[in-house]
Amino acid sequence: QVQVVESGGGLVQAGGSLRLSCTVSGSIFKINAMGWYRQAPGQQRDAVAYITSGGTTNYADSVKGRFSISRDNAKKTVVLQMNSLKPEDTAVYYCYANVLRLISDPERAYWGQGTQVTVSS
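Calculation criteria
Residues numbered from 1 in each chain as written. Predicted model: local features only at pLDDT ≥ 70, side-chain atom pairs only at ≥ 80, totals over all residues. Heavy atoms only, no water. Helix = DSSP H or I, 4+ residues; strand = E, 2+ residues; numbered from the N terminus. Buried < 20%, exposed > 50% of the residue type's maximum accessible area, 1.4 Å probe, protein only. Disulfide = S-S within 2.5 Å. Core = buried A, V, L, I, M, F, W, Y, C linked by side-chain atoms within 4.5 Å. Pairing = 2+ DSSP bridges. Axes fitted to C-alpha atoms, helices over the stretch in contact; angles between N-to-C directions.

### So, the environment of P41
- In this fold, P41 is placed in the loop between β4 (30-39) and β5 (45-51).
- Assessed through its relative accessible area of 69%, P41 is described here as exposed.
- Taking the C-alpha atoms as reference points, P41 and T115, separated by 74 residues in sequence, lie 13 Å from one another.

### Section: the state of the cysteines
- All told, the structure shown has one disulfide when counted by the stated rule.
- Each sulfur of the disulfide joining C22 and C95 lies 2.0 Å from the other. Around the S-S axis, the bridge from C22 to C95 shows a dihedral of about -85° and counts as left-handed. With C22 in strand β3 (residues 18-26) and C95 in strand β9 (residues 91-100), this pair connects stretches of sequence that are 73 residues apart. Of the two residues, C22 and C95, both sit in the buried class.

### What to know about the nonpolar core
- One finds W36, L80, M82 and Y93 to be the most contacted residues of the largest nonpolar core, which totals 30 residues.
- Among the elements of the structure, β1 (2-7), β3, β4, β5, β7 (67-72), β8 (77-82), β9 and β11 (115-120) are those that each provide at least two residues to this core.
- The biggest single contributor to this core is β9, with five residues.

### Some thoughts on the sheet that holds β1
- Judged by pairing direction, the sheet is antiparallel, and its four strands sit side by side in the order β1-β3-β8-β7 without closing on themselves. Two strands close off the open sheet at either side, each with one partner strand: β1 and β7. For this sheet, the mean inter-axis angle between neighbouring strands, taken without regard to orientation, is 15°.

Next comes the structure, spelled out in structure tokens:
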């Protein structure tokens, strides 16, 4: 009953920007942390950034100073603004949300389907 949908991926030249959005819907009591992972071809899936319900952020070293994560709690949306993109940022980006469906429920991570980001030289 919880859905996570990403959008905003695409092809961009090095140095350009993309804005990824992720919206969570369904029956939800509370969303805790939301964030993004990415998986490059032939590589494992690695954390990129997350933001807590209170707005605390964390970034992978590889994206610090270039990416910015934010959220709109009313819209149940998390956004990853990606600037100064590099070819090594090319990956499928996956959004997640740590969700409590009910106050008595344990927290569970829900994942989006992924959106492709390709950065050309």
